Amino acid sequence: FEDVKQIGEGGFAKVYSATWIDGKTEYDKQDDGSWKKEEPEPMKVALKRLNGSQNMSAEYYLNEVCLINKINIYVLLMTC
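All values derive from a computational prediction rather than experimental measurement.

### What about the pattern of salt bridges?
- Across all of its chains, the model carries 1 salt bridge by this definition.
- Where E26 meets K24, a salt bridge forms, and the shortest distance between an N and an O atom there is 3.4 Å.

### Let's talk about unusual backbone geometry
- Within the chain, D3 stands out as a residue other than glycine whose phi angle is a positive 55 degrees.
- Residue classification places D3 among the partly exposed residues on the basis of a relative accessible area of 46%.

### Overview of the nonpolar core
- By size, the foremost hydrophobic cluster in this structure holds 5 residues: Y16, A18, M43, V45 and L47.
- Contributing elements (two or more residues each) for this core: β2 (13-20) and β5 (43-50).
- Looking at this core element by element, the count peaks at 3 residues for β5.

Scoring rules and cut-offs
Throughout this description, residue numbers start from 1 for each chain and increase along the sequence as written. Note on the predicted model: pLDDT of at least 70 is required for a residue's local features to be given, and 80 or more for side-chain atom pairs to be given and counted; whole-chain, interface and lining totals, by contrast, use all residues. As a rule here, side-chain values cover all heavy atoms of the structure and leave hydrogens and water aside. Here, a salt bridge means any Lys or Arg side-chain nitrogen found within 4 Å of an Asp or Glu carboxyl oxygen. Accessibility here uses a 1.4 Å probe with only protein chains present; expressed as a share of the type maximum, an area under 20% marks a residue as buried, one over 50% as exposed, and anything in between as partly exposed. The nonpolar core is taken to be a set of buried Ala, Val, Leu, Ile, Met, Phe, Trp, Tyr and Cys residues, with the residues joined through side-chain atoms within 4.5 Å. Helix and strand assignments follow DSSP, with helices taken as H or I runs no shorter than four residues and strands as E runs no shorter than two, numbered in order from the N terminus.

Written out as structure tokens, the structure is:
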């Protein structure tokens, strides 16, 4: 990651913005049926560092994951 900056903080987490140097892995299907890996491109992501996650309920954690999925952003959850 590059350009990591804290952008928020809540009850269980700190949130950072960053550039993911390798980006997400994508593949293209070729005419012959094989797959070719595309060159990765850097992408902006949000990093969420969970503090005291042992005190977080499973329901709260799952709601976080569902919310992230609904707004279609890349967030990496790190537990401490």
